Amino acid sequence: MGTSAESDAFVAFERVQKSYDGETLVVKDLNLAMPKGEFLTMLGPSGSGKTTCLMMLAGFETATHGEIKLDGKPINNIPPHKRGIGMVFQNYALFPHMTVAENLSFPLEVRGMAKSEREQKVKRALEMVQMGAFGGRRPAQLSGGQQQRIALARALVFEAELVLMDEPLGALDKQLREHMQFEIKRIADDLGITVVYVTHDQTEALTMSDRVAVFDDGRIQQLAPPDELYEAPQNSFVAQFIGENNTLEGVIEEIGGNRCTVKLDSGDVIDAMPVNVSQKGERTRVSIRPERVEFNPELGPDAHTLTAEVREFIYMGDVFRTRLSVAGHDEFIVKTRNRADQKRLSPGETIQIGWLPEDCRALDAS
Amino acid sequence: MSDATADPGKIEGPTPDDPLAQAKALDNVDAQGRMLAADGTPLKKSLARSLRIQKLRALMLIAPLLLFVLLTFVAPIADMLFRSVENQIVSDTLPRTVEALQDWDYESGEAPDEPVFDALYDDLFLAAERREHTRLGSRLNYETTGISSLFRQTGRSVEDLGDAYLDQFEELNEAWEEEVVWAELMGSDQWLEEQRAWDEESGDPLPEFQLREGVATLLPETTRSFLNFVEFIRTEDQESPLDEEPWSRVYTGLYTDLMNEDVANYSGPHAELLQEADAAVADFETQTTKEFFLSVDEDWGDPRIWGTLEAFSPNYTSGYFLNAVDMQLTPEGAGLRDEDERIYGLLFKRTMFMSLVITFSCILLGYPIAYLLANLPMRSANLLMILVLLPFWTSLLVRTSAWKVMLQQQGVINDVLVWLGLVGDANRLVMINNQFGTIVAMTHILLPFMILPMYSVMSTIPPSYVRAAKSLGATNVTAFRRVYFPQSVPGIGAGSILVFILAIGYYITPEIVGGTTGTFISNRIAYHISSSLNWGLAAALGTILLAVVLILYWAYDRIVGIDNVKLGG
Ligand SMILES: Nc1ncnc2c1ncn2[C@@H]1O[C@H](COP(=O)(O)OP(=O)(O)OP(=O)(O)O)[C@@H](O)[C@H]1O
Ligand SMILES: [Mg+2]
């Protein structure tokens, strides 16, 4: 992976830009290389350009600048119906005037496939998504989850190697969504297809993907496997966007190797790991995951700790969530597992908190 | 996973009787197993009550509109349906004739006998006094030409028969001329007293006329015609019988009575006068009613006239409908009209054909525009929409007249063609006052009615369908044909129904640009309403038009399904 693999990547975006109105860039300098068989998720807030990227890849929008390559060949001038890319739309886009089987048979028909072969493939595709008995129904007679399966089967039935999915589970309830996440992942792995998946649900992105591209403001903010994304966010946007996070702002007081000390605006001093800060005096925003904070810490003797006052204690079953007031911040969250020996704090109590320096990342201040 | 693997026929979630079973487990169920509402009344009843209140409220909200529609739409249509079969005018105007005619048979090939003419004399005399005979004449003239003038002529001369007797009675004795003699002969003493006391200036109503006892059996015919006379002058003219000389009809009655009855034993007022006349009538110059009518107009001897009267004597007739389908109700029964008199079949066919052509032209021209409207960016679409709606804001008459200016032989289009050299100046194209002109102008006028429903359906088709088709490998054409077009069909259906139904009843445009070959059935209806005043025929034509539209609507529902017709949403 990385730039070295770009030449033999299956899907490649090279310096792609897109503007709809000629004034603002919706996608700014997008570079992305995907090997065959990868499950890549585009994650980002609304309006960050995810759908636009997908539409450029599918051929419904043209890139204003840059090149998109599929299997090494530029596809900018190939019309959508010749690209052979399967696509699952957010609203499924199942043709309402055709039955489920006709929907599935449509891509095969336009490819001029013989009837018997078509029927066989449709049957197999329906069985793959466990909808074998529903071939004669109309899309309107199916539940949301069932329609979703059919849309998936339709995108796969003509054996596309690349499948694009734009928020395919957005309309489903939580339980069904989780089930379908698993299902889509299983089918993708079984068939060995390459998938570009768009979502703005970060749990979905983390659980399904080989790699996640976090979008913001028309750029990829970070492209990394899920664990890396969660544990080692490269900038404060990613840190904020993925999972729950405590942030404190301050100035670098001392920096050296993979340690730095940060003087917070409240005057307290803490230890952190510099990520994208480089010099003394720079403003920074440090981020600590709620589950990496410890109470009454017995860290090293030179470790810095902070005094915190308990504001709220929330019992959530598997975890306790404690809201603290730390260094002038009222929204500092600490999560602890519900163990038999876990102390339950009560509001008003004053405690000492601390963390391992490598769990506290000093990021850009913006 | 169970939901997908399960049999599709199996219904998930609670089945209809499930909640009932659950509810039974609770205690809000009465002895018969009916569900009870919270206050203990059966659930069905309280539901019905609350629904009734809702319905009443809804009814009150629509009441003004309902009333308006009833008055201006339903009632006229009902009236039209009624008029197309209603035919009481014959039996109202000639009641005794209609009754007498029942014994007559058209097949005999001869005019009826005396009694029928007697009845006709009776009826026609009264009708002529009321001036109703010309109306009846015009009505029957729709069926057999010539009846109108026959009735007018006869109405004018019907006095003559009685006048002949009147003259002879007067010659015999001047007293027959005096109103008072007649009043004393016919009226009772009490009435005479009251009538004499009546003062015209006082404004009191005229006293009720009372017959003298015995006179009805003595002089039955005279009595009947005298009563008619008294009734007429009382109600129509507010005149006293003491001041009015009886109708000549009364003298005819008197003559008949004196010929038939014996007045020798009569001893009431004016007995000598009566007995004198009785002795003299045998020598009167006389004429039977039949002879009289034949002398007025020999057409009365034509059995066809009588056949027509008989055929249209019932209160309800199929005559108008037969007329509307180029048939005729003749004395022999219903039959086709002569070849050269058939016009309505042609007009109906032409109306249908041209409406179809107009509908198809509208589809062809409207579809691309609706597509553009639905798929262009907002700003351009709005501009286009204004252009589409522009015709709505221009008077229909102005638009049609504009087409006249465009299409006529010295018009804009011909001028341009001549200028371009495509058409010689001598043979300019005839594009107006024919079918072509009507089709062009009406397509233009009805186009918005096609575009708007199509547009509203098309704008609900998300672009993702066509995109999905393309991503599945369909070319632009296939994606349109297989995916976009089928989904836009409901719009075409809605537009077509609207345009076709509007076209089939259109009136103004064909009237102005249609000439003789481009007019519709509605123009004929208008003609019968305003020019020939044959409202019954107009109503029958309108009813047929209505039926055709309903049948087409029904057929459309069977073939396409009305649920498939969308005006949007
Ligand atoms: N057809 C278009 N014309 C003009 N601007 C557009 C068009 N489609 C998208 N945009 C703009 O491009 C930007 C990115 O849109 P895009 O649909 O790619 O966002 P997204 O990341 O998919 O958001 P979401 O999560 O809400 O789907 C938005 O600001 C949007 O307003
Ligand atoms: Mg999107």
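Residues numbered from 1 in each chain as written. Chains lettered and ligands numbered in written order. Predicted model: local features only at pLDDT ≥ 70, side-chain atom pairs only at ≥ 80, totals over all residues. Heavy atoms only, no water.

(A) The arrangement of the overall build of chain A in detail. Looking only at helices and strands, chain A has 8 helices and 20 strands in total. For the C-alpha atoms alone, the extent of chain A along its principal axes is close to 75 × 45 × 35 Å. Across the 366 residues that make up chain A, the buried fraction comes to 50%. Sequence separation of 24 or more characterises 66% of the internal contacts of chain A that already satisfy a separation of 6 or more. Here chain A displays about 16,400 Å² of accessible surface, and carbon together with sulfur accounts for 46% of that area. Once the 41 positive and 54 negative side-chain charges of chain A are each reduced to a mean point, those two points are 6 Å apart. (Helix = DSSP H or I, 4+ residues; strand = E, 2+ residues; numbered from the N terminus. Buried < 20%, exposed > 50% of the residue type's maximum accessible area, 1.4 Å probe, protein only. Contact = heavy atoms within 4.5 Å. Areas by Shrake-Rupley, 256 points an atom, 1.4 Å probe, with all protein chains shown as cover. Lys, Arg positive; Asp, Glu negative; His and termini not counted. Charge placed at Lys NZ, Arg CZ, Asp CG, Glu CD.)

(B) Focus on the overall build of chain B. The helix and strand tally for chain B stands at 28 helices and 2 strands. For chain B, whose C-alpha radius of gyration is 38 Å, the value lies well above the compact-globule estimate of 25 Å for 569 residues. By principal-axis analysis of the C-alpha atoms, chain B measures approximately 120 × 95 × 55 Å. Pairs at least 24 apart in sequence give 69% of the contacts found in chain B among residues at least 6 apart. Counting every atom, chain B has about 30,400 Å² of accessible surface; 59% of that belongs to carbon and sulfur. The centroid of the 39 positive side-chain charges in chain B is displaced by 27 Å from the centroid of its 77 negative side-chain charges. (Rg over C-alpha atoms; globule rule 2.2 N^0.38 Å.)

(C) Molecular detail of the site of ligand 1. All names here are of chain A. Surveying the vicinity of ligand 1 reveals the residues Tyr 20, Val 26, Ser 46, Gly 47, Ser 48, Gly 49, Lys 50, Thr 51, Thr 52, Glu 167 and His 200. At 2.5 Å from an oxygen atom of ligand 1 is found a side-chain nitrogen or oxygen belonging to Ser 46. A distance of 2.7 Å separates an oxygen atom of ligand 1 from a polar side-chain atom of Lys 50. When ligand 1 sits alone it has 630 Å² of accessible area, and the protein chains cover 57% of it. Split into classes, the residues belonging to the shell around ligand 1 amount to 2 nonpolar, 7 polar and 2 charged. (Near = heavy atom within 4 Å. Polar contact = N/O pair within 3.5 Å; in protein donor to acceptor, adjacent residues only side chain to side chain. Nonpolar A, V, L, I, M, F, W, Y, C, P; charged D, E, K, R; others polar.)

(D) Highlighting the UniProt feature "domain: ABC transporter" (unreviewed entry) in chain A. According to UniProt, the feature "domain: ABC transporter" (unreviewed entry) maps to residues 11–242 of chain A in the numbering used here. Secondary structure within residues 11–242 of chain A divides into 37% helix and 24% strand; the distance between the first and last C-alpha atoms comes to 25 Å. (UniProt positions renumbered as here; feature names shortened; annotations may be inferred.)

(E) Inspection of the sheet that holds strand E17 (residues 319–326) of chain A at higher detail. All names here are of chain A. Here we have 5 strands laid out as an open sheet, ordered E15-E19-E16-E17-E18, and antiparallel in their pairing. Because the sheet does not close on itself, it has two edges, and the strands there are strand E15 (294–295) and strand E18 (329–337). As paired strands, strand E16 (residues 306–315) and strand E19 (residues 350–354) are joined by 4 bridges and run antiparallel to one another. Note that in E19 the partner of Glu 309 across the bridge is Thr 350. (Pairing = 2+ DSSP bridges.)

(F) Structural view of the domain arrangement of chain B. Partitioning chain B into domains gives domain 1 (18–82), domain 2 (93–158 + 289–336), domain 3 (162–277) and domain 4 (345–564). Distance from the C-alpha centre of domain 3 of chain B to the C-alpha centre of domain 4 of chain B: 72 Å. (Domains from an automatic or database assignment.)

(G) Layout of the nonpolar core. Residues A:Leu57, A:Phe95, A:Leu162, A:Leu164, A:Val196 and B:Leu446 are the most contacted members of the largest nonpolar core, which totals 101 residues. If one sorts the elements of this core by residue count, helix H23 (residues 435–458) of chain B sits on top with 9 residues. In this structure A:Phe95 touches A:Asn103, A:Phe106, A:Pro139, A:Arg154, B:Tyr465, B:Ala468, B:Ala469, B:Leu472 and B:Val483, once residues within four positions along its chain are discounted. Membership of the second largest hydrophobic core comes to 70 residues, among which are B:Phe125, B:Trp191, B:Val263 and B:Trp300. (Core = buried A, V, L, I, M, F, W, Y, C linked by side-chain atoms within 4.5 Å.)

(H) Local environment of the interface of chain A and chain B. Listed per partner, the contact involves 31 residues of chain A and 24 residues of chain B. Interface area for chain A against chain B, summed over the two sides, is near 2,400 Å², with a carbon-plus-sulfur share of 63%. Counting across the chain A and chain B interface gives 2 salt bridges. The salt bridge involving A:Glu109 is made with B:Arg482; its shortest N-O contact spans 2.9 Å. The interface formed by chain A and chain B holds 4 residue pairs in polar contact (both at pLDDT 80 or more) in total. When residues of the side of chain A that touches chain B are traced back to their parent elements, those giving at least two are strand E6 (85–88), helix H2 (100–110), helix H4 (144–157) and helix H5 (174–191) of chain A. For the side of chain A that touches chain B, the leading source of residues is H2(A), giving 4 residues. Partitioned by chemical class, the residues of the side of chain A that touches chain B number 18 nonpolar, 6 polar and 7 charged. (Buried area = accessible area lost by both parts, 1.4 Å probe. Salt bridge = Lys/Arg side-chain N within 4 Å of Asp/Glu carboxyl O.)

(I) Main features of the environment of B:Ser50. Mapped onto the elements of the fold, B:Ser50 is located in helix H3 (residues 43–83). Polar contacts involving the side chain of B:Ser50 include one to the main-chain carbonyl oxygen of B:Leu47, which spans 3.0 Å.

(J) A look at H23(B). Residues and elements named next belong to chain B. A rise of 1.5 Å per residue sets the reference length of H23, with its 24 residues, at 34 Å; its end C-alpha atoms lie 32 Å apart and thus fit the reference within 8%. Remark: the principal bend of H23, roughly 40°, maps to Leu 446, with a proline, Pro 448, within the next four residues. Within H23, 17 of the 24 residues are buried, leaving the element largely enclosed by the surrounding structure. Between the side-chain oxygen at the start of H23 and the backbone nitrogen of Phe 436 there is a gap of 3.3 Å, and the oxygen is on Asn 434. (Expected span 1.5 Å × (residues − 1). Bend = angle between axes of the 7 residues up to and from the residue.)

(K) Up close: the packing of aromatic side chains. Residue and element names in this part refer to chain B. Applying the stated criterion across every chain yields a total of 37 aromatic pairs over all chains. On the numbers, 5.1 Å between centres and 85° between planes, the contact of Phe 392 with Phe 449 is edge-to-face. Of this pair, Phe 392 sits in the loop between helix H20 (378–389) and helix H21 (396–407) while Phe 449 is found in helix H23, placing the two residues 57 residues apart along the sequence. (Phe/Tyr/Trp six-rings, centres within 6.5 Å; stacked < 30°, edge-to-face > 60°.)

(L) Quick peek at the UniProt feature "domain: ABC transmembrane type-1" (unreviewed entry) in chain B. On the UniProt side, "domain: ABC transmembrane type-1" (unreviewed entry) is annotated at positions that read residues 348–556 of chain B here. Helix makes up 77% of residues 348–556 of chain B and strand 0%, and the two end C-alpha atoms of the span are 19 Å apart.

(M) Summary view of the sheet that holds strand E10 (residues 219–224) of chain A. Residue and element names in this part refer to chain A. In space, the 6 strands of this open sheet follow the order E6-E7-E8-E3-E9-E10, with mixed pairing throughout. At either margin of the open sheet sits one strand with a lone partner, and together these are E6 and E10. The sheet shows a mean angle of 20° between the axes of neighbouring strands, taken without regard to direction. Across the sheet, helix H1 (residues 50–58) touches strand E3 (39–43), E6, strand E7 (162–166), strand E8 (194–199) and strand E9 (211–216), and the angle it forms with E7 is around 150°. (Axes fitted to C-alpha atoms, helices over the stretch in contact; angles between N-to-C directions.)

(N) Molecular detail of the packing of helix H19 (residues 344–375) of chain B against helix H27 (residues 521–530) of chain B. Residue and element names in this part refer to chain B. Close contact between H19 and H27 brings their axes to 8 Å; oriented N to C, the two are set at 135°. In terms of axis orientation, H19 runs oblique to H27. On the side of H19, the interface is formed by Tyr 344, Leu 347, Phe 348 and Thr 351, while H27 contributes Ile 521, Arg 524 and His 528. Taken together, the residues that form the contact of H19 with H27 break down as 4 nonpolar, 2 polar and 1 charged. (Parallel < 35°, antiparallel > 145°, perpendicular 65-115°, else oblique.)

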